[in-house]
Amino acid sequence: MNLSNGKTLAASGQNRNGTSGSWEDAGRVVKPSTPTRKPQPALEAVNTRLRELYPQSEELFDVVLVTNNHAYVGLRLINTINHHHLFIERFCMTGGNSPIGYLKAYHTNLYLSADSAKVREALEEGIAAATMFTQEKMKEVSESQLRVAFDGDAVLFSDESERIFKAHGLDRFFEHEKTHENKPLDHGPLKGFLEALGKLQRKFFDKGLRMDCPIRTYLVTARSAASSGTRALKTLRSWGLEIDEALFLAGAPKGPMLEKIRPHIFYDDQMFHVEGAAEFGTVACHVPYGIAQKVAMK
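Below you will find a few notes about this structure. (Residues numbered from 1 in each chain as written. Predicted model: local features only at pLDDT ≥ 70, side-chain atom pairs only at ≥ 80, totals over all residues. Heavy atoms only, no water.)

## Regarding the layout of surface pockets
- When its volume is computed, the second largest pocket comes out at roughly 460 Å³.
- In terms of lining, the second largest pocket is formed by 20 residues, of which the most central are Phe165, Ala222, Arg223, Gly251 and Gln270.
- By residue number, the principal contributor to the lining of the second largest pocket is helix α6 (residues 160-168), which donates four residues.
- Considered class by class, the residues forming the lining of the second largest pocket number seven nonpolar, six polar and seven charged. (1 Å grid on protein atoms, 1.4 Å probe; cavity = no way out; pocket = protein on both sides within 12 Å on 5 of 7 lines; lining within 4 Å. Points joined across faces, edges and corners; volume = space filled by probe spheres on them. Helix = DSSP H or I, 4+ residues; strand = E, 2+ residues; numbered from the N terminus. Nonpolar A, V, L, I, M, F, W, Y, C, P; charged D, E, K, R; others polar.)

The following block contains the structure:
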């Protein structure tokens, strides 16, 4: 995603098997995964309102389709995009090479792909990234307001506190958070993406549209408000970042709350929460970062 003027959301169109189709198929239309299409109207709504408020500004959402297919598939991609009325003007077709090296050239704020290996590669390069999944059950979402929900630890924040919990248990975790509540957590892999969203939000706030902003952000965390929520909120404040709604669930399932929020997309580092969100119709992406990945692989 490019919050233009150089900030980009890159969506991978890579074939999972590395092949790219035949010449005969190059003009056909293919069906993109539904999660890719869902945010499109809301992204367009944000851009429309930004253009109305700031006619000379180029700070807009920009989507780049990144694929390791060969260039001759370009016609098929163009036909597909036009058929589904998607606003994607820029392609990157790498002819079999990894597309990750191009992401920094596009000033990418967020990279989404179904290929978890490519997502990990992007994260290692310091680029916010997450793995998307195709799902059948999806709730209707707003077409006029973009809603983005984030987990806290190992997503917006580092996995420092999660490491304490995994190694020493819940009581030690609570003690650690209380002792360090005035020490900001280090940044996690998606902090920069929240910053980019916040920068666009402030353009609406500056026009007196805080309550009518077409972008809304959510923190949906398993932390408890009373025992460990203070550090999370103080960390965001120390970064100069605002979150519109903070939901501390104290270990309760996230799916029912996300069903109520109806975000266009939710990011979490644990597949348990990603799958739970998907069961309730929320498009959820996995951020393969932090200690939870090592524990899960054992």
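## So, α6
- Taken as a whole, α6 has its buried residues at Ser161, Glu162 and Ile164. In a view along the axis of α6, the buried residues occupy a sector of 155°, so they form one face of it.
- Among the residues trailing α6, glycine 169 stands out with phi positive, at a value near 95°. (Buried < 20%, exposed > 50% of the residue type's maximum accessible area, 1.4 Å probe, protein only. Arc of directions from axis to C-beta.)

## Some points on the environment of proline 189
- Within the secondary structure, proline 189 is located in the loop between α7 (170-179) and α8 (191-205).
- Judged by relative accessible area, proline 189 falls into the buried class, the value being 17%.
- A C-alpha to C-alpha distance of 7.3 Å links proline 189 and isoleucine 127, two positions 62 residues apart in sequence.
- Once you skip the residues sitting within four places of it in the chain, proline 189 turns out to touch Leu123, Ala128, Ala154, Val155, Phe157, Val287 and Tyr289. (Contact = heavy atoms within 4.5 Å.)

## Observations regarding the environment of asparagine 182
- Its place among the elements puts asparagine 182 in the loop between α7 and α8.
- A relative accessible area of 60% means that asparagine 182 is categorised as exposed.
- Once the C-alpha coordinates of asparagine 182 and alanine 232 are considered, the two residues, 50 residues apart in sequence, prove to be 9.8 Å apart.
- Separated by 2.5 Å, the side chains of asparagine 182 and lysine 234 make a polar contact. (Polar contact = N/O pair within 3.5 Å; in protein donor to acceptor, adjacent residues only side chain to side chain.)

## Section: the environment of lysine 178
- Mapped onto the elements of the fold, lysine 178 is located in helix α7.
- Take lysine 178: its relative accessible area is 56%, and that puts it in the exposed class.
- Taking the C-alpha atoms as reference, lysine 178 lies 8.3 Å from threonine 230; in sequence the two are 52 residues apart.

## A look at the packing of α6 against α7
- Between α6 and α7, the least distance of the axes is 7 Å, while the angle of their chain directions is 150°. Between α6 and α7 the crossing geometry is right-handed. Contact residues: α6 offers Glu160, Ser161, Ile164, Phe165 and His168, while α7 offers Leu170, Arg172, Phe173, His176 and Glu177.
- Grouping the amino acids of the contact of α6 with α7 by side-chain chemistry returns four nonpolar, three polar and three charged. (Axes fitted to C-alpha atoms, helices over the stretch in contact; angles between N-to-C directions. Left-handed = near helix turned anticlockwise from the far one by under 90°.)

## A short note on the nonpolar core
- Core analysis: the largest hydrophobic core is formed by 51 residues, its most contacted members being Leu112, Phe150 and Tyr267.
- Residue contributions to this core peak at six residues, all from α8.
- By size, the runner-up hydrophobic cluster in this structure holds 13 residues, among which are Val64, Val66, Ile100 and Ile127. (Core = buried A, V, L, I, M, F, W, Y, C linked by side-chain atoms within 4.5 Å.)

## Thoughts on the pairing of strand β10 (residues 265-268)
- Alternating residues of β10 divide into Ile265 and Tyr267 and Phe266 and Asp268, and every residue in both groups is buried.
- Judged from the three bridges that link them, strand β7 (residues 146-150) and β10 form a sheet pairing that is parallel. Looking at β10, one finds that alanine 149 is bridged to phenylalanine 266.
- Across three bridges, β10 lies against strand β11 (residues 284-286) in parallel orientation. Residue pairing for β11: aspartate 268 is matched across the bridge by histidine 286. (Pairing = 2+ DSSP bridges.)

## Looking at helix α11 (residues 271-279)
- Looking at α11, one finds that the buried residues are His273, Val274, Gly276 and Ala277. The buried residues of α11 occupy an angular sector of 165° when projected down its axis, which confines them to one face. Residues Phe272 and Glu279 are exposed on α11 and point more than 90 degrees away from its buried face.
- Each element contacted by the buried residues of α11 is listed here: α10 (255-261), β10 and β11.
- Immediately downstream of α11, the backbone of glycine 281 shows phi near 90°, a positive value.

## A word on the side chain of aspartate 159
- If you trace the backbone, aspartate 159 turns up in the loop between β7 and α6.
- A polar atom in the side chain of aspartate 159 sits 2.9 Å from the backbone nitrogen of isoleucine 291.
- When neighbours within four sequence positions are excluded, aspartate 159 is seen to be in contact with Ala154, Tyr289, Gly290 and Ile291.

## Remarks on the pattern of salt bridges
- For the coordinates displayed, the defined rule picks out 18 salt bridges.
- Aspartate 153 is the salt-bridge partner of arginine 223, the closest N and O atoms lying 2.8 Å from each other. Within this pair, whereas arginine 223 is found in the loop between β8 (215-221) and α9 (225-238), its partner aspartate 153 is found in the loop between β7 and α6, the two being separated by 70 residues in sequence.
- On the accessibility criterion, aspartate 153 (8% relative accessible area) is buried.
- For glutamate 242, the salt bridge is made with arginine 210, and the minimal N-O distance between the two is 2.9 Å. Here arginine 210 lies in the loop between α8 and β8 and glutamate 242 lies in the loop between α9 and β9 (245-248), a separation of 32 residues in the sequence.
- Note on glutamate 242: relative accessible area 43%, which makes it partly exposed.
- In this structure, a network of salt bridges that share partners links the residues Asp153, Glu160, Glu177, Arg223 and Arg231. (Salt bridge = Lys/Arg side-chain N within 4 Å of Asp/Glu carboxyl O.)

Keep in mind these numbers describe shape, not what the thing actually does.
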